Amino acid sequence: MVSRNLLLSVFYASLAATTATFDVREATIDSIHNALFTRLTTCRHVVSSYIARIEALNPSLHAVISLNPDALSIADDMDNQIAFSNATGPLFCIPILLKDNFDAVGMPTTSGARPLADLYPLVDAPTVTALKRAGGLILGKANMHEMALEGLSVSSLGGQIVNPYDLARTPGGSSGGTGVAVAANLAVFGTGSDTVNSLRSPASANNLFSFRPTRGLISRAGVIPNSYSHDTVGAMARSLDDLAVALTVMASVGYDPADNTTAFIPPEVLGRDYRSALYGGNLKGKRLGLVQGLHNYEASNETTPVNEAMAHMVALLQGAGAHVVNVTSPLYNATAIISKMDLQQLEYRELLDEYLARDDLEGDFPRSFYEFYGRDDFLVIPAQYGYIETAWTGSTANATYFERQRLVQNLTLNLHSTFRELELDALIYPQQKNLVVPIGSPSQAGRNGILAALTGVPVVMVPAGFSPPTETAPLGVPIGMEIMGLPWTEDKLLNIARHLSGIAQLRRMPVFANASVEVTSPYASVPTISLDAGSISPNYPLGEFGRGRKC
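Counting starts from 1 at the beginning of each chain's written sequence and moves along it residue by residue. It should be noted that, the model being predicted, local features are given only for residues of pLDDT at least 70 and side-chain atom pairs only at 80 or more, the latter also being counted only at that level, while totals for whole chains, interfaces and linings use all residues. Only hydrogens and water are removed before side-chain values are computed, so all heavy atoms of the structure are retained for them.

K.L.:
So, the sheet that holds strand S9 (residues 232-237): which residues are in play, and what are the values?
P.N.:
Sheet strands line up and pair through hydrogen bonds in the backbone, either parallel or antiparallel. Two strands make a pair as long as DSSP finds a minimum of two bridges between them. A run of H or I in DSSP becomes a helix once it reaches four residues, and a run of E becomes a strand once it reaches two; helices and strands are each numbered from the N terminus. Spatially, S1-S4-S2-S7-S9-S8-S14-S15-S13-S10-S11 is the arrangement adopted by the eleven strands of the open sheet, whose pairing is mixed. Every other strand in the sheet has two partners, leaving strand S1 (64-67) and strand S11 (323-327) as the edge strands with one partner each. Pairs of neighbouring strands in the sheet enclose a mean axial angle of 30°, with direction left out of account. In the sheet, strand S8 (residues 209-212) pairs with S9 via three bridges, with the strands oriented antiparallel. Interaxial angles span 0 to 180 degrees and are taken between N-to-C directions of axes, which are lines fitted to C-alpha atoms, for helices over the stretch in contact.

Set out below in structure tokens:
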């Protein structure tokens, strides 16, 4: 009888001459699986290749905040499964980065904040469990805007994340590390959370696809919260196929008593395979509402490229037979909506208290909102001062909270009425009215994500083009378009996105990250990520809101 060790030695020997030929740049789930199951490469080599890219590029990008110390041993276990033909799962050996507000056993959940550097969860978030169950390999954690409270993607623990398409600009956020890492081919795809813009902003700024699901489709448990009313979780990917697989797996959690919004999932949606939604159909006869109030038509170097990209996308849609209808209602004004209806400021403190008080977290870290913001080693940029001050004293018992809830209900009713009256399949608009802002800007201005965030409807983000090339942006700065639908219509939105992206073909790898990176030793141990938080812009001093400040 042939021994297990002999079979393994024969398996690895047969791979020795071919392993180095597999290039992970722009790799997809399908291309990795094809290489693995035809014995062109090993899981260890795939994982080692991504780690090598992280070692080479992360010192400039600050996209990854920590690596999974068990990544290579997990890869070895997966290679053993391939050798004995028992490898299963739609994400088998697919390296995934988690935004660092997702709980994953064996890695700290820091939300980019120094006070949480020693917070270790004892259980995975349900979405992380689902990714692992599907065979996904958690490669590490992505840097983010600290506590997911802005879109500049700067943190006290990880520093300023840099956009790989223009090293002088921010990457969007708050899930900026995920966006940059996926765009620069440091992982196949990555997760993010979205309170107002956070999944779609970095996807737009990094030439990626992403989704914000219907509120309730995917459990938010095990993710550091900002708002019960706003928060969702999702993913970003370089291809729609990979995005659809990520959505299918993350939504497979189904009903989760730890997040009661999942009780609203319709029976016909449970277990849906979103990849199948990409096939069939066409754009002919689709009615898409172009939201005029979510554009800035004042000509400038920052706004004109966005408007030109949107005009090009509209022309492509019309050329494919879709009807584009102007939506002119003054209700759809992102600036006015967020100023009058934002709920997260009044929900943040109570939810953070609830998360930090959990008994399945261990380590030395603050156990309440007040303890966290009573220290002097966190980061709050000037634009967030009012936000934290409101959270310090505000609550869901305030009269203001109930008034805002009423306004949100009215907005939601009006949105549904717009769909019905104009017989729309979806709304379209730019994710950001202007290009993503330069590093050092006070805030990520011009974003349009609040409409979906408050109404709880789904969005699929697609690349829409680039601004003209410049010295710092050789391809131009990426621009993204949101496709918004009614609740539980993720399949319809993905189908529209597939047909549009097939015509547009706008995915481009950033020049900065285009070079191959040699895997010097796939048998080396997982390195420790070392980030220089001193790279934080001087415009963002640590602790300015901290100890001793009256609130």
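Past the structure itself, the notes keep going.
K.L.:
Describe in detail the state of the cysteines, supporting the description with residues and values.
P.N.:
For the purposes of this analysis, a disulfide is any pair of cysteine sulfur atoms at a distance within 2.5 Å. Summed over all chains, the structure comprises one disulfide. Here Cys43 engages in a disulfide with Cys93; their sulfurs sit 2.1 Å apart. Here the disulfide of Cys43 and Cys93 is right-handed, its torsion about the S-S bond being about 105°. A residue pair is termed long-range when its members are at least 10 positions apart, and Cys43 in helix H3 (residues 43-61) and Cys93 in the loop between helix H4 (71-83) and strand S2 (95-99) qualify at 50 residues. Cys93 shares its class with Cys43; the two are buried. Per-residue accessibility, obtained with a 1.4 Å probe over protein chains only, is compared with the maximum for each type, and a residue is labelled buried under 20%, exposed over 50%, and partly exposed between these values.

K.L.:
Hey, could you go over the pattern of salt bridges for me, with residue numbers and the actual values?
P.N.:
Between Lys or Arg on one side and Asp or Glu on the other, a salt bridge is scored when a side-chain nitrogen of the former is within 4 Å of a carboxyl oxygen of the latter. All told, the structure shown has 21 salt bridges when counted by the stated rule. Note that Arg44 and Asp76 form a salt bridge whose closest N and O atoms lie 2.7 Å from each other. Taken together, the residues Arg44 in helix H3 and Asp76 in helix H4 connect sequence positions 32 residues apart. Its relative accessible area of 8% is what places Arg44 among the buried residues. By relative accessible area, Asp76 is classed as partly exposed at 25%. A salt bridge links Asp124 to Lys132; the shortest N-O distance between them is 2.8 Å.

K.L.:
Describe the packing of aromatic side chains, with residues and values.
P.N.:
In this description, a pair of aromatic rings is defined by centroid distance and the angle of the planes. Each Phe, Tyr or Trp ring (for Trp, its six-membered ring) is paired with any other whose centre lies within 6.5 Å, and the angle between the two planes then decides the class: stacked below 30 degrees, edge-to-face above 60, tilted in between. Tallying each qualifying case throughout the model produces 13 aromatic pairs. Here the aromatic rings of Tyr370 and Trp392 are separated by 5.0 Å at their centres, their planes lie at 70°, and the arrangement is edge-to-face. With Tyr370 in helix H12 (residues 369-372) and Trp392 in helix H13 (residues 385-393), the pair connects residues that are 22 residues apart, well separated along the chain. On the basis of relative accessibility, which here comes to 36%, the residue Tyr370 falls in the partly exposed class. Classification of Trp392 as buried rests on a relative accessible area of 18%. Both rings, one in Tyr373 and one in Phe378, keep their centres 5.2 Å apart while their planes meet at 80°; by these two values the pair is edge-to-face. Just as Tyr373 is buried, Phe378 falls in that class too. Clustering of aromatic rings is evident, with ring pairs tying together Tyr348, Phe369, Tyr370, Phe372, Tyr373, Phe378, Tyr387 and Trp392.

K.L.:
I'd like a rundown of the layout of surface pockets, residues and numbers included.
P.N.:
Reported here for the largest pocket is a volume of approximately 600 Å³. Residues are called lining when one of their atoms sits within 4 Å of a cavity or pocket point, these points coming from a 1 Å grid over the protein atoms alone, where a cavity is a set in which a 1.4 Å probe fits but cannot get out and a pocket is an open set with protein on both sides within 12 Å along at least five of seven lines. Around the largest pocket sit 26 residues that line it, and Glu150, Val196, Asn197, Ile338 and Arg447 are the ones nearest its centre. Top contributing element to the lining of the largest pocket by residue count: helix H10 (residues 334-341), with three residues. For this classification, Asp, Glu, Lys and Arg are treated as charged, while Ala, Val, Leu, Ile, Met, Phe, Trp, Tyr, Cys and Pro are nonpolar and the rest, including Gly, are polar. Looking at side-chain class alone, the lining of the largest pocket contains nine nonpolar, 13 polar and four charged residues. Counted as a void, the second largest pocket has a volume near 510 Å³. Together, 28 residues line the second largest pocket, and Arg220, Ala221, Gly222, Ala258 and Glu354 are the ones closest to its centre. Elements supplying a minimum of two residues to the lining of the second largest pocket: S9 and helix H11 (344-356). Per-element accounting of the lining of the second largest pocket gives the leading share, three residues, to H11. The class makeup of the residues in the lining of the second largest pocket is twelve nonpolar, eight polar and eight charged. Grid points are joined across faces, edges and corners, and a volume is the space filled by probe spheres set on the points.

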